[in-house]
Amino acid sequence: MADNLHSQIVGWAKIILPLCALALLSTLFLFARSTTEPSEIVLEEVEAIAREQRVSAPEFSGVTDEGAIIVISAKTARPDTAQPDTVSIDDMRMRMDNANGSHVEITATTGEVDGRARVARFLGLARLETSDGYEMETNGLIAALDTGVVTSDGLLEVRAPFGQLTAGKVTFLVASEGTAQEMLFTDGVRLLYIPQAP
């Protein structure tokens, strides 16, 4: 009789215990709430990134007619759907190494490269530095990728080795092996000359 009771208990346990385990699992899936559940905003951003064509850390390079080497790098780049052959760029940076050994570096938070017109536009606040000590800030720069000529798109302030300079426009001409780099300042030029200590 004891063996019969033991067999009955084991038989019922084989049925009841799996059912309890199944009930516990189902309550975990039905009532569990994650505190780190992604918000709708994050999901929308992920979907937008997935739909958008984007390249991380791109780099473009070329050579001008005068032999200067131009390298454009960025954080991200994506095609502009409104303008064909145009790439929109974030954290845009350009370095131009001239044939005479000098160089120019330009940075801006945003910009674009027009492949058809062979032009790079630095939008918003742009900074330009030359290897011979000139530092400039302006609201936009345009660089012709075939000739290497860089033109400001607004008022500018320049810190030069000899002082400070403001102008309405500046044009940087590419240096060659026989000539140094030229900077043409126009539209209301003002120069504050600061003598250097001997």
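Structure: above.
One numbering rule holds for all chains: residues counted from 1, following each sequence as written. Local features are withheld for residues below a pLDDT of 70 in this predicted model, meaning they are given only at 70 or higher, and side-chain atom pairs are given and counted only at 80 or more; totals for whole chains, interfaces and linings count all residues. With hydrogens and water stripped out, all remaining heavy atoms of the structure feed into the side-chain values.

Novice: What exactly am I supposed to notice about the overall build of the chain here?
Specialist: Note on conventions: DSSP H or I runs of at least 4 residues are helices, E runs of at least 2 residues are strands, and numbering of each starts at the N terminus. When its secondary structure is counted, the chain shows 2 helices and 14 strands. Categorising residues by exposure relies on relative accessible area from a 1.4 Å probe, with only protein chains included: less than 20% of the type maximum marks a residue as buried, more than 50% marks it as exposed, and the intermediate range marks it as partly exposed. Each of the 198 residues in the chain was classed as buried or not, and the buried ones make up 28%. Contact between two residues is taken to exist if any of their heavy atoms lie within 4.5 Å; hydrogens are not considered. Residue pairs in contact within the chain that sit at least 24 positions apart in sequence constitute 36% of those at least 6 positions apart.

Novice: So what exactly am I meant to see when it comes to the nonpolar core here?
Specialist: When a protein is soluble and globular, its nonpolar side chains tend to lie buried together. Throughout, nonpolar core names a set of buried Ala, Val, Leu, Ile, Met, Phe, Trp, Tyr and Cys residues whose side chains join them through atoms within 4.5 Å. Ranked by internal contacts, the top residues of the largest apolar core, which has 32 residues, are Ile72, Met94, Phe122 and Val150. Those elements giving two or more residues to this core turn out to be strand 3 (69–73), strand 5 (86–97), strand 6 (103–114), strand 7 (119–130), strand 8 (135–144), strand 10 (156–160), strand 11 (163–167) and strand 12 (169–173). Among all residues touching Phe122, those that are not within four sequence positions of it are Met92, Met94, Ile106, Ala108, Thr110, Gly111, Gly140, Leu141 and Ala143.

Novice: I keep staring at the pattern of salt bridges and nothing clicks. Help me out?
Specialist: Note on pairing: side chains with opposite charge can pair once their charged atoms come close. Salt bridge criterion: a side-chain nitrogen from Lys or Arg within 4 Å of a carboxyl oxygen from Asp or Glu. A full pass over the atoms with the stated rule returns 7 salt bridges. One salt bridge in this structure joins Asp85 and Arg116, with 3.0 Å as the shortest N-O distance. Of this pair, Asp85 sits in the loop between strand 4 (76–79) and strand 5 while Arg116 is found in the loop between strand 6 and strand 7, placing the two residues 31 residues apart along the sequence. Taking relative accessible area as the criterion, Asp85 reaches 46% and is therefore assigned partly exposed. Taking the relative accessible area as the measure of exposure, Arg116 reaches 62% and is therefore exposed. Linked through salt bridges whose partners overlap, the residues forming this network are Arg95, Asp97 and Glu105.

Novice: How should the side chain of Ser102 be read in this particular structure?
Specialist: Mapped onto the secondary structure, Ser102 falls in the loop between strand 5 and strand 6. Within the structure, Ser102 has its side chain in polar contact with the side chain of Asn100 (distance 2.8 Å). Counting of polar contacts relies on pairs of N or O atoms within 3.5 Å, with two restrictions inside protein: one atom must be capable of donating a hydrogen and the other of accepting it, and residues adjacent in sequence are counted only when both atoms are side-chain atoms.

Novice: I keep staring at the pairing of strand 6 and nothing clicks. Help me out?
Specialist: Walk down a regular strand and you will see the side chains alternate between the two sheet faces. Pairing of strand 5 with strand 6 involves 11 bridges; the strand directions are antiparallel. Paired with Met96 across the two strands is Val104, which belongs to strand 6. Two strands qualify as a pair provided that DSSP identifies no fewer than 2 bridges between them. Counted between consecutive antiparallel strands, the loop separating strand 5 from strand 6 contains 5 residues, among which Gly101 sits at a positive phi close to 100 degrees. Pairing of strand 6 with strand 7, which is carried by 10 bridges, proceeds in the antiparallel orientation. Within strand 7, the residue paired with Val113 across the bridge is Ala120. The antiparallel pairing of strand 6 with strand 7 creates a hairpin that spans 4 residues between the two strands, and Arg118 there sits at a positive phi of about 55 degrees.

So yeah, pure geometry; function would need other evidence.
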